[in-house]
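# A closer look at the structure
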Amino acid sequence: MATAHIESNLEDIAPIVLMPGDPLRAKYIAENFLEDAKLINKVRNMFGYTGTYKGKKVTVFASGMGIPSIGIYSYELYKFYNVQKIIRIGTCGSFNKDIKLLDVVLSSGAYCKSYFDVLLDGVDIDFIQSSDELNRKIMNTAKIRNVSLKYGKTITSDVFDLYCDSEEKFRGNFPDMNFLSVEMEAFGLFYIANKLGREATCLMTVVDSLYDKRSLSSEDREKSLNNMIEMALESII
Ligand code: HPA
């Protein structure tokens, strides 16, 4: 069995998927966090691995960047591989004063001005919620591990906001300033999950901030990303 973009067999993919944007991060997670990890997709180098974490079967599958890319992979995984839950684990920017670099943010839902939903279903939805059940599990894990986790709304943008001529003009597109994170995929994932009656949420590490201009060392970045990966994995066992 294969789909247009995935070469895996049905039994190669676990019902729960962790989804980083970067294929090499999928490889990193498989090599450093999973036992018996096996490469199950390399079409377009969009690497997927399936292994176990503390005995639980889990797949790590990259999404690529942007709504069109995550839209394809989440659709095919839910629809053709019976995936039930996807946790996106990515990076984001922020223009919220309460959010600092390297904070880990859990998305309550994503606001988006994309045409994705219009083209797919002829509806125009601005905001879509993530899965309460997955969020509850992740917040519980954070509490047990005494890890600080920020929970709130995300902006999903079709452009990398840092490339806009005016950050202020960019922010003027959105209804309020109560967004914790800005990134480019969550809405696509949440939309597809909702459409197909499955679960999805999104954990992010903040790597750009309007209010915190420190430059990050690769060690700090890696530590925070590892923290987030572990939190996602602990939440699914
Ligand atoms: N904007 C959008 N996506 C991102 C950012 C950002 O600042 N940082 C990481 N992904």
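Quick summary incoming for the structure in this document. (Residues numbered from 1 in each chain as written. Predicted model: local features only at pLDDT ≥ 70, side-chain atom pairs only at ≥ 80, totals over all residues. Heavy atoms only, no water.)

## Brief notes about the layout of surface pockets
Rolling a probe over the atoms, with the probe sized like a water molecule, indicates the empty space that remains. The line we're drawing: Buried and open spaces are told apart on a 1 Å grid over the protein atoms alone, a cavity being a set of points where a 1.4 Å probe fits but cannot get out and a pocket being an open set with protein on both sides within 12 Å along at least five of seven lines. Residues with an atom within 4 Å of a point are the lining residues. Grid points are joined across faces, edges and corners, and a volume is the space filled by probe spheres set on the points. For helices the rule is a DSSP run of H or I covering at least 4 residues; for strands it is a run of E covering at least 2, with both sets numbered from the N terminus onward. Classification convention: Asp, Glu, Lys, Arg as charged; Ala, Val, Leu, Ile, Met, Phe, Trp, Tyr, Cys, Pro as nonpolar; all other residues, Gly among them, as polar.
Each pocket or cavity is described by its volume, and for the largest pocket that value is around 630 Å³. As for the largest pocket, its lining consists of 33 residues, of which Thr-91, Cys-92, Phe-160, Val-207 and Asp-208 are closest to the centre. When contributions to the lining of the largest pocket are tallied by element, the ones reaching two or more residues are α1 (23-33), β5 (85-94), β9 (179-183) and β10 (199-209). A breakdown of the residues in the lining of the largest pocket according to their chemical character gives 14 nonpolar, seven polar and twelve charged.

## A word on helix α4 (residues 132-144)
For the record, the criterion: The span one expects for a helix is its residue count, reduced by one, times 1.5 Å. Think of it in three bands: residues with accessible area under 20% of the maximum for their type are buried, residues over 50% are exposed, and the middle band is partly exposed, with areas taken using a 1.4 Å probe on protein chains only. For this quantity, the arc is that covered by the directions from the helix axis to the C-beta atoms.
Under the 1.5 Å per step criterion, the end-to-end length of α4 is 18 Å for 13 residues, consistent within 8% with the ideal 18 Å. Of the residues making up α4, those classed as buried are Leu-134, Asn-135, Ile-138, Thr-141 and Ala-142. The arc enclosing the buried residues of α4, seen along the axis, measures out at 125 degrees, which places them on a common side. Facing away from the buried side of α4, by more than 90 degrees, are the exposed residues Arg-136, Lys-143 and Ile-144.

## A short note on the site of the ligand
Our working definition: Neighbouring residues are identified by heavy atoms, a residue being near a molecule or strand if any of them is within 4 Å of it. Under this definition, polar contacts are N or O atom pairs within 3.5 Å; protein pairs additionally need one hydrogen-donor-capable and one acceptor-capable atom, and for neighbouring residues in sequence, both atoms have to be side-chain atoms. Using a 1.4 Å probe, the Shrake-Rupley method yields the accessible areas, and only the shown protein chains count as cover for residues. Pocket or cavity membership: a molecule qualifies when more than half of its atoms sit within 2 Å of the grid points of that site.
Every residue close to the ligand is listed here: Thr-91, Cys-92, Gly-93, Phe-160, Asp-161, Leu-162, Val-182, Glu-183, Met-184, Val-207 and Asp-208. At 3.4 Å, a backbone N or O of Gly-93 approaches a nitrogen atom of the ligand. One nitrogen or oxygen atom from the side chain of Asp-208 is found 2.6 Å from a nitrogen atom belonging to the ligand. Alone, the ligand offers 260 Å² of accessible surface; in the complex the protein occludes 90% of this. Put simply, the ligand lies in the largest pocket. Elements that contribute at least two residues to the shell around the ligand include exactly β5, β9 and β10. Ranked by residues supplied to the shell around the ligand, first place goes to β5 with three residues. Classifying every residue of the shell around the ligand by side-chain character gives six nonpolar, two polar and three charged.

## What about a nonpolar patch on the surface?
To keep things clear, this is the line we draw: Exposure above 30% relative accessible area and the absence of a salt bridge qualify a residue for a patch, where like charges join within 9 Å and nonpolar side chains (Val, Leu, Ile, Met, Phe, Trp, Tyr) within 5 Å. Salt bridges are defined by distance alone: a side-chain nitrogen of Lys or Arg within 4 Å of a carboxyl oxygen of Asp or Glu.
A contiguous nonpolar patch, built from Met-1, Leu-10 and Phe-80 and spanning about 270 Å² of accessible area, is present on the exposed surface. Position of Leu-10 relative to the elements: it lies in the segment before β1 (16-19). Accessibility expressed as a relative area gives 39% for Leu-10, which makes it partly exposed.

## A closer look at the environment of Ile-89
Quick note on the threshold: In what follows, a contact means two residues having at least one pair of non-hydrogen atoms within 4.5 Å.
For Ile-89, the position within the fold is in strand β5. Judged by relative accessible area, which is 2%, Ile-89 ranks as buried. On a C-alpha basis, the gap between Ile-89 and Cys-202 in space is 6.0 Å, while along the polypeptide they are 113 residues apart. Discounting residues that sit within four places of it in the chain, Ile-89 has contacts with Leu-18, Met-19, Pro-20, Gly-21, Ile-29, Leu-203, Met-228, Ile-229 and Ala-232.

## Description of the pairing of β5
Rule in force here: Strands are labelled as partners when DSSP assigns at least two bridges between them.
Counting buried positions over the ten residues of β5 gives eight, a clear majority of the element. Sheet analysis places β1 next to β5, joined by four bridges and oriented parallel. If you follow Val-17 over to β5, its bridge partner there is Ile-86. Pairing of β5 with β10 involves ten bridges; the strand directions are parallel. What sits directly across from Gly-93, in β10, is Asp-208.

Coordinates in, geometry out; function isn't part of it.
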